[in-house]
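Inside the fold
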Amino acid sequence: MAEMGKVWLVGAGPGSVDLLTVKARRLLYEGDCIVYDRLVGEEVLGLIPLKKELIAVGKSAGKHATPQEDINRILIREAKLGKKVVRLKGGDPFLFGRGGEEVEALCREKIPFEVVPGISSCLAVPAYNGIPVTHRDYVSDVHIVTGHHRAGTSQTIPYEALVQTGGTLVFLMGVSALEEIMEGLRHAGMDEETPAAILPQGTTARQRRVVATVGTLAFLAREQRVKAPATIVVGEVCRLADEFAWYTKLPLFGEKILVTRPEGRNTGLTDRLRELGAEVLAIPTVRTVPIRDPVRLKIIEEELGRLSQYQVLAFTSPYGVERFFAILLESGRDMRALSHMRFAAIGQGTAGELKKRGILADYVPAHYDGESLGKLLAESLEEGTRILFARSSMGGAEILAQIEKNPGLAYRDLAVYDTEFTDERKDMLRAFMENGAVTGVIFTSSSTVEGFCRMLGADFPYDTVRAVCIGEKTQGEAEKAGMRTVAAKNATVEALVACITEKQEAENGYLC
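Side note on the overall build of the protein
- Within the protein, the regular secondary structure consists of 19 helices and 24 strands.
- Overall, the C-alpha framework of the protein stretches about 90 × 65 × 45 Å when taken along its three principal axes.
- In the protein, buried positions account for 51% of the 512 residues.
- Counted over contacts in the protein with a minimum sequence separation of 6, partners at least 24 positions apart contribute 69%.
- As displayed, the protein offers around 23,600 Å² of accessible surface, 50% of which is attributable to carbon and sulfur atoms.
- Averaged over its 62 positive side-chain charges, the protein has a centre that lies 4 Å from the centre of its 68 negative ones.

Observations concerning the packing of aromatic side chains
- One pass over the structure, following the stated rule, counts 12 aromatic pairs.
- Aromatic side chains Trp246 and Tyr247 sit 5.7 Å apart centroid to centroid with 55° between the ring planes, which places their arrangement in the tilted category.
- The exposure class of Trp246 is partly exposed, given its relative accessible area of 38%.
- Relative to Phe325, the ring of Phe315 has its centre 6.3 Å away and its plane inclined at 25°; by these criteria the two rings are stacked.

As for the pattern of salt bridges
- Across all of its chains, the model carries 37 salt bridges by this definition.
- Here Arg412 ties to Glu303 by a salt bridge, and the two come within 3.2 Å at their closest N and O atoms. Residue Arg412 is found in strand β19 (residues 410-421), and its partner Glu303 is found in helix α11 (residues 294-304); the two are separated by 109 residues along the sequence.
- On the accessibility criterion, Arg412 (27% relative accessible area) is partly exposed.
- Salt-bridge contacts for Asp459 lead to Arg430; the nearest nitrogen and oxygen are separated by 3.5 Å.

With respect to the packing of helix α16 (residues 426-434) against helix α17 (residues 446-456)
- Running from N to C, α16 and α17 point in directions that differ by 90°, and their axes come no closer than 9 Å. Comparing the axis directions of α16 and α17 gives the class roughly perpendicular. Within the contact between the two elements, α16 uses Lys426, Leu429, Arg430 and Met433 and α17 uses Phe452, Met455 and Leu456.
- When its residues are assigned to classes, the contact of α16 with α17 shows 5 nonpolar, no polar and 2 charged.

Details of the sheet that holds β19
- An order of β15-β19-β18-β16-β17 is seen for the 5 strands of this open sheet, with the pairing classed as mixed. One side of each edge strand has no neighbouring strand; the edge strands of this open sheet are β15 (286-290) and β17 (342-345). The sheet shows a mean angle of 25° between the axes of neighbouring strands, taken without regard to direction.
- As paired elements, strand β18 (residues 386-392) and β19 share 7 bridges and run parallel to each other.

Considering the nonpolar core
- Counting 40 residues, the largest nonpolar core has Leu28, Leu88, Leu258, Met433, Phe452 and Met483 as its most contacted members.
- Of all the elements, α17 adds the most residues to this core, at 5 residues.
- Contact partners of Met433, with chain neighbours within four places excluded, come to Leu258, Val438, Val441, Phe452, Leu456, Phe460 and Val465.

As for the side chain of Gln475
- Its place among the elements puts Gln475 in helix α18 (residues 472-480).
- Classification of Gln475 as buried rests on a relative accessible area of 15%.
- Sequence-distant contacts of Gln475, defined by excluding residues within four places in its chain, comprise Cys469, Thr485, Val486 and Ala487.

Some points on unusual backbone geometry
- The linkage connecting Ala228 with the following residue, Pro229, adopts the cis geometry, with an omega of 0°.
- With respect to the helices and strands, the residue Pro229 is situated in the loop between α8 (217-223) and β12 (230-234).
- Phi angles above zero are rare outside glycine, and Met173 is one such case at about 55°.
- Within the fold, Met173 resides in the loop between β9 (168-172) and α7 (178-187).
- Of note, Arg225 is a non-glycine position whose phi angle comes to about 55°, a positive value.
- Considering the arrangement of structural elements, one finds Arg225 in the loop between α8 and β12.

Details of the environment of Asp18
- Considering the arrangement of structural elements, one finds Asp18 in the loop between β1 (6-11) and α1 (22-30).
- For Asp18, a relative accessible area of 47% gives the class partly exposed.

Considerations on the pairing of β1
- For β1, the buried fraction is high: 5 of the 6 residues fall into the buried class.
- Pairing analysis gives 6 bridges linking β1 to strand β6 (residues 84-89), with the strands arranged parallel. Residue Val7 lies in a different strand from β6, and its bridge partner there is Val85.

Points about the sheet that holds strand β3 (residues 53-56)
- The strand order across the open sheet built from 5 strands is β3-β2-β6-β1-β7, with neighbouring strands paired in parallel fashion. The outermost strands of the open sheet, each flanked by one partner alone, are β3 and β7 (113-116). Averaged over all pairs of adjacent strands, the angle between their axes in this sheet comes to 20°, without regard to strand direction.
- In terms of strand pairing, strand β2 (residues 33-36) meets β3 through 4 bridges, oriented parallel. If you follow Ile34 over to β3, its bridge partner there is Leu54.

A short note on the state of the cysteines
- Under the definition given, this model contains 0 disulfides.
- With no disulfide partner, Cys469 has as its closest neighbouring cysteine sulfur the one in Cys499, 8.9 Å distant.
- Judged by its relative accessible area of 0%, Cys469 is buried.

Remarks on the confidence of the model for the protein
- On average, residues of the protein score 91 in pLDDT, and 94% of them reach the 70 mark or higher.
- For the protein, per-element mean pLDDT is lowest for strand β23 (residues 504-506), which scores 37, and highest for β1, which scores 98.
- Within the model, the stretch residues 504-512 combines pLDDT values under 50 with 19 contacts to residues more than four positions away or in other chains.

Calculation rules
- Residues numbered from 1 in each chain as written.
- Predicted model: local features only at pLDDT ≥ 70, side-chain atom pairs only at ≥ 80, totals over all residues.
- Heavy atoms only, no water.
- Helix = DSSP H or I, 4+ residues; strand = E, 2+ residues; numbered from the N terminus.
- Buried < 20%, exposed > 50% of the residue type's maximum accessible area, 1.4 Å probe, protein only.
- Contact = heavy atoms within 4.5 Å.
- Areas by Shrake-Rupley, 256 points an atom, 1.4 Å probe, with all protein chains shown as cover.
- Lys, Arg positive; Asp, Glu negative; His and termini not counted.
- Charge placed at Lys NZ, Arg CZ, Asp CG, Glu CD.
- Phe/Tyr/Trp six-rings, centres within 6.5 Å; stacked < 30°, edge-to-face > 60°.
- Salt bridge = Lys/Arg side-chain N within 4 Å of Asp/Glu carboxyl O.
- Axes fitted to C-alpha atoms, helices over the stretch in contact; angles between N-to-C directions.
- Parallel < 35°, antiparallel > 145°, perpendicular 65-115°, else oblique.
- Nonpolar A, V, L, I, M, F, W, Y, C, P; charged D, E, K, R; others polar.
- Pairing = 2+ DSSP bridges.
- Core = buried A, V, L, I, M, F, W, Y, C linked by side-chain atoms within 4.5 Å.
- Disulfide = S-S within 2.5 Å.
- pLDDT = per-residue confidence, 0-100.

Below is the structure:
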């Protein structure tokens with residue numbers, strides 16, 4: 001019989017991955033099974049490691065994909081199988097999240113659990129819209145109310161008591177009842193000129209706000225077709241929204257960018273994009289893995305035994321640097337085996353990985369792509385130089401084609417890791433792309449384009465995809481699939497950001 005597992009009820013916050021707590025983020029990596037709601041942000045879902053088991057129990061207004069009793073049974077079942085179960089819930093588990101019911105079920109079965117509070121939309125969404133729910137000059141109390149009543153019961157909002165407090169009122173899950181809520185406040189004595197706001201899709205690229213009054217908000221929300229999820233705020237503090245708004249003023253606000261790089265290779269890029277206001281979804285379309293085949297490992301060992309015969313060691317990716325030095329140490333060798341060499345790197349990211357090991361790259365092309373690296377080496381190296389390329393088993397033909405233009409050079413193309421296609425997040429990728437909200441997809445290699453197309457299939461309308469590409473080969477692969485393309489000048493975060501921000505549309509697509 002399996003040892004008893006454990007359940008963590010984890011608040012995922014209002015949508016933005018930056019608003020996850022440190023403990024919530026850690027549990028996404030440590031848990032075995034993630035049971036998640038519809039209101040969990042897409043950024044957060046993209047953060048979940050590929051190998052994790054995912055169980056969707058999403059609920060939407062008026063439709064329960066999985067009844068609460070079944071969700072309870074799933075948590076109990078998975079825990080009894082000995083798993084670390086992460087029950088991932090939008091916002092906070094105990095604030096209108098039915099977390100209490102799930103804890104009751106776990107207690108009945110004597111299953112150990114923890115509750116990890118999350119940042120609630122009742123505070124975060126107004127803040128992202130420039131509305132402080134309390135302000136010394138306006139109001140000192142805030143009241144949080146659910147606008148959604150339990151099936152089979154009548155609405156029981158105590159309007160008169162709420163109006164009498166004079167505090168800020170925040171209604172969650174109240175879009176469908178917005179007109180009823182505003183009418184209830186007016187009938188309870190609230191001045192219809194009291195400022196009020198409805199804030200859909202808060203903390204995401206689709207965030208917007210409608211600021212009006214208690215008397216006009218329902219009409220304007222209906223006119224602008226506001227849909228759930230949205231947070232409703234009523235009170236004088238709503239007057240501050242235009243002056244205090246900050247999120248919508250960030251340079252990349254409104255951009256929803258999908259990044260296709262291998263898992264674990266996105267940190268610098270995604271962090272920078274988010275700092276500038278973009279919503280970033282991470283869906284790897286390829287993965288990089290160490291070589292495990294004994295025959296190929298023997299070939300690598302043989303080349304390590306011949307390091308003295310090479311004068312230049314060239315790398316085409318940061319992971320190539322990481323794997324080569326790991327293999328070097330595993331073989332019983334260290335940096336001294338490379339003391340006679342010069343080093344080449346395809347770009348600053350790869351050069352940076354070398355620098356971490358105390359090595360300054362001797363050759364880095366002005367344009368960070370394979371063809372430019374090959375051309376630089378072919379033109380710079382003296383006759384008789386022998387080059388060892390330590391790179392992926394996939395691609396690289398453009399580099400070698402340039403090297404071969406100089407007959408005085410010799411090279412060995414050594415695969416130190418494999419690049420594989422993956423479809424582990426195929427359904428998630430299609431869901432992200434089909435809702436039409438993704439404004440750009442970043443491709444860092446032609447293999448990421450191919451993996452993207454493999455996951456979506458031949459029937460996907462690729463002409464709707466705006467591809468932000470590194471290198472001509474990557475751009476060509478995206479154009480071949482029918483995508484609208486933009487090419488970054490270099491493989492740097494700054495160059496990619498420039499492509500997204502400039503959006504210089506030309507006759508045949510976008511150019512940077």
